Amino acid sequence: MKPCQWRFLNSFEKEVGCELHNLYGPTEAAVDVTFYPAFGDDLAQVKGAGVPIGYPVWNTQLRILDNFLRPVPIGVAGELYLCGVQLADGYWRRPELCAVRFVADPESDGERMYRTGDVVRG
């Protein structure tokens, strides 16, 4: 992050009087599926160019997979997949897109995952 962004994040809690949380999630999965506390000790531990998308919210699983739907090692880039009851049923009258984005979960018999298209590191 640029120094001005770090200054903003570091002063937000003090200036505004509340905690700042980074939320991530596509509309296909109930809007927010991850959170990261962007304040205090958690913010102080951040290394790199930005605040992480964070941890899954309750009843949500995240998978970082390669092109063959295999988990990637920690630190290796892969595509983010979302799992859990918060997933949408699919796209209205778009079966071809549903087949590409809502795919079978190789770790859970009969369940689906949402393929976000986002590249992340674990």
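So, a few notes on the structure that sits alongside this text. (Residues numbered from 1 in each chain as written. Predicted model: local features only at pLDDT ≥ 70, side-chain atom pairs only at ≥ 80, totals over all residues. Heavy atoms only, no water.)

1. A word on the pairing of strand 5 (residues 77-84)
Argument step 1. A large share of strand 5 lies buried, amounting to six of its eight residues.
Argument step 2. In the sheet, strand 4 (residues 60-65) pairs with strand 5 via six bridges, with the strands oriented antiparallel. Residue pairing in the sheet places Arg63 in a bridge with Tyr81 of strand 5.
Argument step 3. Of the pairings in the sheet, the one linking strand 5 to strand 7 (residues 112-121) comprises six bridges and is antiparallel in character. Its bridge partner being in strand 7, Gly78 is matched across the sheet by Val120. (Buried < 20%, exposed > 50% of the residue type's maximum accessible area, 1.4 Å probe, protein only. Helix = DSSP H or I, 4+ residues; strand = E, 2+ residues; numbered from the N terminus. Pairing = 2+ DSSP bridges.)

2. What to know about a nonpolar patch on the surface
Argument step 1. On the surface, Leu23, Phe35 and Tyr55 cluster together to form a nonpolar patch covering roughly 280 Å² of accessible area.
Argument step 2. Structurally, Phe35 is set in strand 2 (residues 34-37). (Patch = residues over 30% accessible without salt bridge, like charges linked within 9 Å, V, L, I, M, F, W, Y side chains within 5 Å. Areas by Shrake-Rupley, 256 points an atom, 1.4 Å probe, with all protein chains shown as cover. Salt bridge = Lys/Arg side-chain N within 4 Å of Asp/Glu carboxyl O.)

3. So, the sheet that holds strand 2
Argument step 1. Reading across the sheet, the three strands line up as 1-2-3 and stay open at both edges, with antiparallel pairing between neighbours. Pairing within the sheet leaves two strands with one partner each, and these edge strands are strand 1 (21-24) and strand 3 (55-56).
Argument step 2. In terms of strand pairing, strand 2 meets strand 3 through two bridges, oriented antiparallel. Bridge pairing in strand 3 places Thr34 opposite Pro56.

4. Examining the pattern of salt bridges
Argument step 1. Under the counting rule described, the total for this entry stands at four salt bridges.
Argument step 2. With a closest N to O distance of 3.8 Å, Arg63 and Glu107 form a salt bridge. Taken together, the positions of Arg63 in strand 4 and Glu107 in the loop between strand 6 (102-104) and strand 7 put the pair 44 residues apart, joining distant regions of the chain.
Argument step 3. Classification of Glu107 as exposed rests on a relative accessible area of 53%.
Argument step 4. For Arg115, the salt bridge identified is with Glu79, shortest N-O distance 2.9 Å. Taken together, the positions of Arg115 in strand 7 and Glu79 in strand 5 put the pair 36 residues apart, joining distant regions of the chain.
Argument step 5. Accessibility expressed as a relative area gives 29% for Arg115, which makes it partly exposed.
Argument step 6. Put simply, Arg63, Asp105 and Glu107 are held in one network by salt bridges that share partners.

5. Here we look at the pairing of strand 2
Argument step 1. Bridge count for strand 1 against strand 2 is four bridges, and the pairing is antiparallel. Note on strand 2: the bridge partner recorded for Leu23 is Phe35.

6. Considerations on unusual backbone geometry
Argument step 1. If you check the backbone angles, Leu69 has positive phi at about 60 degrees while not being a glycine.
Argument step 2. Here Leu69 shows up in the loop between strand 4 and strand 5.
Argument step 3. Overall, the relative accessible area of 29% leaves Leu69 in the partly exposed class.
Argument step 4. Backbone geometry places Arg93, a non-glycine residue, at a positive phi of 55 degrees.
Argument step 5. Looking at the secondary structure, you find Arg93 in the loop between strand 5 and helix 3 (95-101).

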